[in-house]
Amino acid sequence: MSRRLLMLCLSLMSLGGLAHCSKSPQESAQPAPAAPTTAAAPVKATAMTVIQEQQASWIRNFNPLIAPGTARWPTRAGVYEPLMVYNTLKGEFVPWLATKSEWSPDNKKLTLTLRSGVKWSDGQPFTAKDVAFTFELLKKHKALDFPAVWSFLEGVQAKDDTTVEFSLTRPYVPGLVYIVHQPIVPEHKWKDVQDPVTYTNETPVATGPFTEVKVFQNQIFELGRNPHYWQQGKPAVESLRFPAYPGNDQANLALLTGELDWAGSFVPDIERVFVAKDKENNHYWFPLVGNTTTLYVNTAKKPFDDVRVRKAISMAIDRDQIVKVAMYGYTRPSDATALSDAHDRWRSPEAVAAGDWTKFDQAKANALLDEAGLKRGENGMRTLPDKTPMKFDINVVTGWSDWVRAVQLIAQNLKQVGIDASLKTYDFSPYFERIQKGEYDISIGWTSDEPTPYHVYRDLMGTETLRPIGVVSARNWNRFGSKEADGLLHAFEATNDPAEQKKIAGQLQMFFVQNAPAIPLFPGPSWGEYSTRRFTNFPNKDNPYAKLTPNSPPENLFVLVEVKPK
């Protein structure tokens, strides 16, 4: 997520791509259904039909403060908005509700200047008090503080209507993204909410381009334009329409038949099954700037607390086969740094060279498992030291057909080294809850896709995002924390010197390579498809003003306000 999201899809996201699926593993491995040779006649372009989440039915929830991927898309970045938006392709923060940020000389105070004239969708003015109120909510309700901002914040103060001052407990330059990407809620509507953690916020009041719930049924919902949106003349699209599709097969069929205008789905053999059906209007763009698709092993559980076991599992995986068979060659095997192309300028050649454990080598995998005391039984399968069989589920989202196929291949690979692994599918919500609570053994997932490697490694190795099993954590799903990694992360936090930042990023990469706290599989393509039959001005390789994918909030805001009816 980015899927989901999340990729934040969480996406997320980062947060990796949220669109995937199939009813059965056999079906998932097949090419998508053939499109009709003649597309349906164009209709009046009023509602843009989008697929970002894949659910069998919709639950009405527009709470922007809960975990990314839980509320309906685009609650966090489309209904509500952040203060600034980081543009991955341009490598810069774009002013949004805030127009300017300024650090104090010691990097312990951040001052944001807010945009004047912004109104909430009920016509009330947006002010600095709303920003301070939102952050106080995160402080009061720790379950809402997913980026752990109160681990480095000391206080938030509205100095006047357009000035907010953040006081930090320590110098923390990379904290900028966590602060400015926080969706802001209106104090006048949320001050009386008794429990914002469980609040479903069915009728949102927000600052984003689409705030009006025009229709909400369990199979479809539609969001209309904010009557008070601050960007004059935007959005050009009148409304967003969201049919419910349970998985990739159904979503892809809707894409191929012209029902969808914008999608962020994995589409197998896309040139043949999508582009060739309507070369004038059907387009896609899959740059490898998504988050890295990763196999998480729960390091809070045995035997995954042993680095030899983690590296052995990694070496048992044939990534070349996964990329070819499951991913249709859209990507490449990951190196052991776990960084995608979004962080290519940070990549350390020394760390890459040291990371031999992402190379397929069953002999070394078997040797490491033997060394860890995980011996084979008479049936050829391994057991733990207490004779418990090494039998594990690998969790994946129902219908994310590329990941389902990848996990099938991984399970086959692990059986070859004596580990009895099986695919286990869940709908997205229960899958996401398990991975956030650490209630799993092995699960496929995604990494963060925030601006620097610091953010990737903070989420995979830092103790500040570490939570006990059973407690929701938006980060550190692998439950790995290291004081040594903390030291490097803190050093990165304190400097604005690009050369020093790159040096420390290299050290973080080497620490990750040595400890294998998670198992990177491949850089995630940033999935994005669109049709120009009804709407235009989507980003693409010739007009790369933003990522095309809807799976990377808050960057999807760039697209929501730039797309136009044809």
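Residues numbered from 1 in each chain as written. Predicted model: local features only at pLDDT ≥ 70, side-chain atom pairs only at ≥ 80, totals over all residues. Heavy atoms only, no water.

As recorded in an unreviewed UniProt entry, the protein chain goes by Dipeptide-binding ABC transporter, periplasmic substrate-binding component and comes from Hyalangium minutum.

**Some thoughts on helix H3 (residues 128–140)**
The periodicity of an α-helix, 3.6 residues per turn, causes residues three or four places apart in sequence to face the same way. Taking 1.5 Å of rise per residue, the 13 residues of H3 would be expected to cover 18 Å, and the 19 Å separating its terminal C-alpha atoms lies within 8% of that figure. Burial in H3 covers these residues: Ala128, Asp130, Val131, Ala132, Phe133, Thr134, Phe135, Leu137 and Leu138. Those residues of H3 that are buried are in contact with strand E6 (109–114), strand E7 (153–160), strand E8 (163–168), helix H4 (175–180) and helix H5 (187–190). (Helix = DSSP H or I, 4+ residues; strand = E, 2+ residues; numbered from the N terminus. Expected span 1.5 Å × (residues − 1). Buried < 20%, exposed > 50% of the residue type's maximum accessible area, 1.4 Å probe, protein only. Contact = heavy atoms within 4.5 Å.)

**Focus: the environment of Asp306**
Here Asp306 shows up in the loop between strand E14 (292–297) and helix H8 (307–315). With relative accessibility at 17%, the residue Asp306 sits in the buried group. Along the backbone, Asp306 and Met84 are 222 residues apart, and their C-alpha atoms lie at a distance of 40 Å.

**Description of the nonpolar core**
Core analysis: the biggest nonpolar cluster contains 171 residues, and Phe135, Leu153, Phe166 and Ile313 have the highest contact counts within it. Tallying contributions element by element places helix H12 (residues 401–415) first for this core, with eight residues. Excluding anything up to four places from it in sequence, Leu153 contacts Phe135, Phe166, Ser167, Leu168, Thr169 and Ile179. (Core = buried A, V, L, I, M, F, W, Y, C linked by side-chain atoms within 4.5 Å.)

**A look at helix H9 (residues 319–326)**
For H9, every residue scored as buried is listed here: Arg319, Ile322, Val323 and Ala326. Along the axis of H9, the buried residues cluster in a sector spanning 105 degrees; they form a single face. Seen from the buried face of H9, the exposed residues on the opposite side, beyond 90 degrees, are Asp320 and Lys324. Those residues of H9 that are buried are in contact with H8, H12 and strand E18 (519–523). Capping of H9 at its N-terminal end is provided by Asp318; its side-chain oxygen lies 3.3 Å from the backbone amide nitrogen of Asp320. Looking at the residues trailing H9, positive phi occurs at Tyr328, about 55 degrees. (Arc of directions from axis to C-beta. Polar contact = N/O pair within 3.5 Å; in protein donor to acceptor, adjacent residues only side chain to side chain.)

**As for the domain arrangement of the protein chain**
When the domains of the protein chain are assigned, the result is domain 1 (47–63 + 201–288 + 526–565), domain 2 (84–189) and domain 3 (291–524). Computed over C-alpha atoms, the centres of domain 1 and domain 2 are 27 Å apart. On the domain 2 side, the residues contacting the 22 residues of domain 1 number 21 residues. Here domain 1 meets domain 2 over a buried area of about 1,700 Å², counting both sides, of which 70% is carbon and sulfur. Where domain 1 packs against domain 2, one counts zero salt bridges. One can count three residue pairs in polar contact (both at pLDDT 80 or more) joining domain 1 with domain 2. Breaking the side of domain 1 that touches domain 2 down by element, the ones donating at least two residues are strand E9 (210–217) and helix H17 (556–562). Sorting elements by how many residues they give to the side of domain 1 that touches domain 2 places H17 first, with three residues. Of the residues assigned to the side of domain 1 that touches domain 2, the class counts are 14 nonpolar, five polar and three charged. (Domains from an automatic or database assignment. Buried area = accessible area lost by both parts, 1.4 Å probe. Salt bridge = Lys/Arg side-chain N within 4 Å of Asp/Glu carboxyl O. Nonpolar A, V, L, I, M, F, W, Y, C, P; charged D, E, K, R; others polar.)

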